[in-house]
Amino acid sequence: IYMTFVSYLHLEDDTILSHDGKNINSRVGIWNHVLGELGDLNLVFGNYPVLQGNAHNSHLSVLGAYGLVVLIMFIVFLYKVMRLNAVNLSSNKQIICMVGFAGIVFMGMAEGAIVCGSLGLYIPACTYLALANVDWKEM
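Residues numbered from 1 in each chain as written. Predicted model: local features only at pLDDT ≥ 70, side-chain atom pairs only at ≥ 80, totals over all residues. Heavy atoms only, no water.

Side note on the overall build of the chain
Here's step 1: Looking only at helices and strands, one finds eight helices and zero strands in the chain.
Here's step 2: When the elements of the chain are put in sequence order from the N terminus, they spell out α-α-α-α-α-α-α-α.
Here's step 3: Across the 139 residues that make up the chain, the buried fraction comes to 32%.
Here's step 4: Taking the intrachain contacts of the chain between residues at least 6 apart in sequence as the baseline, contacts between residues at least 24 apart amount to 49%. (Helix = DSSP H or I, 4+ residues; strand = E, 2+ residues; numbered from the N terminus. Buried < 20%, exposed > 50% of the residue type's maximum accessible area, 1.4 Å probe, protein only. Contact = heavy atoms within 4.5 Å.)

Details of the nonpolar core
It is characteristic of soluble globular proteins that their nonpolar side chains tend to be buried jointly.
Here's step 1: Within the largest apolar cluster, 21 residues are counted, with the highest numbers of intra-cluster contacts made by Leu60, Leu71, Phe74, Met98, Phe101, Ile104 and Leu129.
Here's step 2: Elements with a contribution of two residues or more to this core: helix 2 (28–37), helix 4 (58–66), helix 5 (68–87), helix 6 (92–109) and helix 8 (122–132).
Here's step 3: Broken down by element, this core gets its largest block of residues, five residues, from helix 6.
Here's step 4: Setting aside chain neighbours within four positions, we find Ile104 in contact with Ile114, Leu121, Pro124, Ala125 and Tyr128. (Core = buried A, V, L, I, M, F, W, Y, C linked by side-chain atoms within 4.5 Å.)

Some words on a nonpolar patch on the surface
Here's step 1: On the surface, a cluster of nonpolar side chains totalling about 600 Å² of accessible area is made up of Val44, Phe45, Tyr66, Val69, Val70 and Met73.
Here's step 2: A per-element tally of the nonpolar patch places helix 5 first, with three residues.
Here's step 3: Mapped onto the elements of the fold, Val70 is located in helix 5. (Patch = residues over 30% accessible without salt bridge, like charges linked within 9 Å, V, L, I, M, F, W, Y side chains within 5 Å. Areas by Shrake-Rupley, 256 points an atom, 1.4 Å probe, with all protein chains shown as cover. Salt bridge = Lys/Arg side-chain N within 4 Å of Asp/Glu carboxyl O.)

Section: the packing of helix 6 against helix 8
Here's step 1: Two elements in contact, helix 6 and helix 8, have axes whose closest approach is 8 Å; the angle formed by their N-to-C orientations is 155°. As judged from the angle between their axes, helix 6 and helix 8 are roughly antiparallel. Crossing geometry of helix 6 relative to helix 8 is assigned as left-handed. Facing helix 6, whose interface residues are Gln94, Cys97, Met98, Gly100, Phe101 and Ile104, helix 8 presents Pro124, Ala125, Tyr128, Leu129, Leu131 and Ala132. (Axes fitted to C-alpha atoms, helices over the stretch in contact; angles between N-to-C directions. Parallel < 35°, antiparallel > 145°, perpendicular 65-115°, else oblique. Left-handed = near helix turned anticlockwise from the far one by under 90°.)

Side note on helix 4
Here's step 1: In terms of burial, helix 4 is largely enclosed, as seven of its nine residues are buried.
Here's step 2: Within helix 4 the residues assigned to the buried category are Ser58, Leu60, Ser61, Val62, Leu63, Gly64 and Ala65.
Here's step 3: Phi for Gly67, located one or two positions after helix 4, is positive at around 95°.

A word on the side chain of Gln94
Here's step 1: Tracing the backbone through its elements, the reader meets Gln94 in helix 6.
Here's step 2: Looking at Gln94, its side chain comes within polar contact range of the main-chain nitrogen of Ser91, at 3.2 Å.
Here's step 3: Within the structure, the side chain of Gln94 is placed 2.8 Å from the backbone oxygen of Val134, a separation counted as a polar contact.
Here's step 4: In this structure, Gln94 is in contact with Asn88, Leu89, Ala132, Asn133, Val134, Asp135 and Trp136, ignoring residues within four places of it in sequence. (Polar contact = N/O pair within 3.5 Å; in protein donor to acceptor, adjacent residues only side chain to side chain.)

Notes on the packing of helix 5 against helix 6
Here's step 1: Relative to each other, helix 5 and helix 6 sit at 165°, their axes nearing to 11 Å. When the axes of helix 5 and helix 6 are compared, the pair comes out roughly antiparallel. The two elements helix 5 and helix 6 meet at a crossing, and its hand is left-handed. Judged by residue contacts, Leu78, Val81, Met82 and Asn85 of helix 5 engage Met98, Phe101, Ala102 and Val105 from helix 6.
Here's step 2: Here the contact of helix 5 with helix 6 is built from residues that sort into seven nonpolar, one polar and no charged. (Nonpolar A, V, L, I, M, F, W, Y, C, P; charged D, E, K, R; others polar.)

And the structure:
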């Protein structure tokens, strides 16, 4: 969807979504390569060596490395974690922490950093998630 959106609207030029040294199309080549390699994968179990590193997209990284079953489990897990925490929010501070968690997860999707770990984005994500569970009224 992203690649279609970028090419359809011709967003290659300087926009708020791009900056010096990294235009909006910077991931298109990587993602096209990974999508092309998916044909060589066992979609049920994946094949980590085919990707040879970070696909710069968390969902493509999980699909290529571990297969469709683990990708579905990953998506369901993220949904359940966010849903479980969202229904228990009772203060503005908890909401801010939950938005911080969602923001880091969203930002990490385009880098693959949530699952690859090289940037360590899971550390601040989990910190926000833990803080979203704090009863701020007692503090």
